[in-house]
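Residue-level listing of the chains:
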Amino acid sequence: MTECEYIVNTFRKAFGQDRSRRICLYGTGRFTKPLLEKLEDFDIVGVADFGYEKITWEGYRILTKKEVEERADILVLIANPANVHTVYKKVKELPEKINIYTIEKRDVRVEERFHEKATVEEAVERLRPYAISAEDRRTLERFSGKLLCGSGYEVQDMYSFINVFIAPWFVSYFAWVINRIRETGSETVLFSSRDGYLFYKLFHLLPHCEALPKAKYFYTSRRCAAVASIENEQDIKVIAGQMYQGSKENFLEKRFGIRVSLKEEELLLDNEALALRYKKNILENAGRERDCLEAYLQKEGIDKS
């Protein structure tokens, strides 16, 4: 089953009882056209995308906001789960009479209202158990002080937001990393690609950094290291147990590096059961990726032990 077929089947299962209701698809991504072509037994009134500049798309006329209000009972956001919140901001002003759903028929308005209930005070209290060190506690107090007590602080731009809220947490975590490096007595510290870049740059700004272990920017990623480390069924279970948002086929590719065309019944399996069904494929691919990683380590003169 292809990803497009999975999307169409998901829509049919979710909205099977809504065939008589007027449905508008929102978004001009790659899955919208297959839905329009395959769902002829549904009352699809059209496509909307309030950020789209042209009048037509793929031969379909883009509905205006007014037309959506007049013609639709349901608006379905055709969007990646990670982008639903962003897309919802563009349509949240539509009348309450129009139900706004994801393709799995999750009520987006209900979800957004639930998240909005979390106040600043609740957010700070949730963070307190994680403030273990003195650096953590000072950072938390600075963070909450800017938001509470009527400080009147306003974020002017992304740089001021990072300076006030992100940088203190980042530096606090970096201090913890340095302490751990000293405690372990390591000879070399590997800073992984992307996530480790800023740490790598900060490391060389430290006074007397020559007294610390040798630092190396390591061209690998969490995903690369995770897959290469898979040696048995338990390793597969650990990775499969981590949260993933996306299709089942993407899950297998992004988490384990294998590409397969799934059968319909496999789409109903949970991630762990699905991964274990392809245990042989995963272990074979992990062996190949491990060989590549070991070759890179050898080339860079890094002792993997």
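Quick look at the structure, then. (Residues numbered from 1 in each chain as written. Predicted model: local features only at pLDDT ≥ 70, side-chain atom pairs only at ≥ 80, totals over all residues. Heavy atoms only, no water.)

Digging into the overall build of the protein
When its secondary structure is counted, the protein shows 14 helices and 8 strands. The globule rule puts the C-alpha radius of gyration for 305 residues at 19 Å, and the 25 Å found for the protein is more than 25% above it. In terms of overall dimensions, the protein has a C-alpha envelope of 70 × 60 × 35 Å along the principal axes. Sorting the 305 residues of the protein into buried and exposed places 36% on the buried side. Counted over contacts in the protein with a minimum sequence separation of 6, partners at least 24 positions apart contribute 57%. As presented, the protein carries roughly 19,200 Å² of accessible surface, and 51% of it is formed by carbon and sulfur atoms. Counting 49 positive and 49 negative side-chain charges, the protein places the centres of these two groups 1 Å from one another. (Helix = DSSP H or I, 4+ residues; strand = E, 2+ residues; numbered from the N terminus. Rg over C-alpha atoms; globule rule 2.2 N^0.38 Å. Buried < 20%, exposed > 50% of the residue type's maximum accessible area, 1.4 Å probe, protein only. Contact = heavy atoms within 4.5 Å. Areas by Shrake-Rupley, 256 points an atom, 1.4 Å probe, with all protein chains shown as cover. Lys, Arg positive; Asp, Glu negative; His and termini not counted. Charge placed at Lys NZ, Arg CZ, Asp CG, Glu CD.)

Digging into the layout of surface pockets
In this structure, the largest pocket occupies an estimated 930 Å³ of space. What lines the largest pocket is a set of 36 residues, among which Ile 7, Ala 79, Asn 80, Pro 81 and Glu 104 lie closest to the centre. The set of elements that each furnish at least two residues to the lining of the largest pocket consists of α1 (3-15), α4 (84-91) and α12 (248-256). By residue number, the principal contributor to the lining of the largest pocket is α1, which donates 7 residues. A per-class count over the lining of the largest pocket returns 16 nonpolar, 11 polar and 9 charged. (1 Å grid on protein atoms, 1.4 Å probe; cavity = no way out; pocket = protein on both sides within 12 Å on 5 of 7 lines; lining within 4 Å. Points joined across faces, edges and corners; volume = space filled by probe spheres on them. Nonpolar A, V, L, I, M, F, W, Y, C, P; charged D, E, K, R; others polar.)

Remarks on unusual backbone geometry
You will see that Glu 58, though not glycine, has its phi angle at about 50 degrees, which is positive. Structurally, the position occupied by Glu 58 is in the loop between β3 (56-57) and β4 (60-63). For Arg 194, which is not a glycine, the phi torsion comes out positive at approximately 65 degrees. Examined against the element boundaries, Arg 194 turns out to sit in the loop between β7 (188-192) and α9 (197-203). Under the relative-accessibility criterion, Arg 194 is labelled exposed at 63%.

Functional significance is not addressed by these values, which are geometric in nature.
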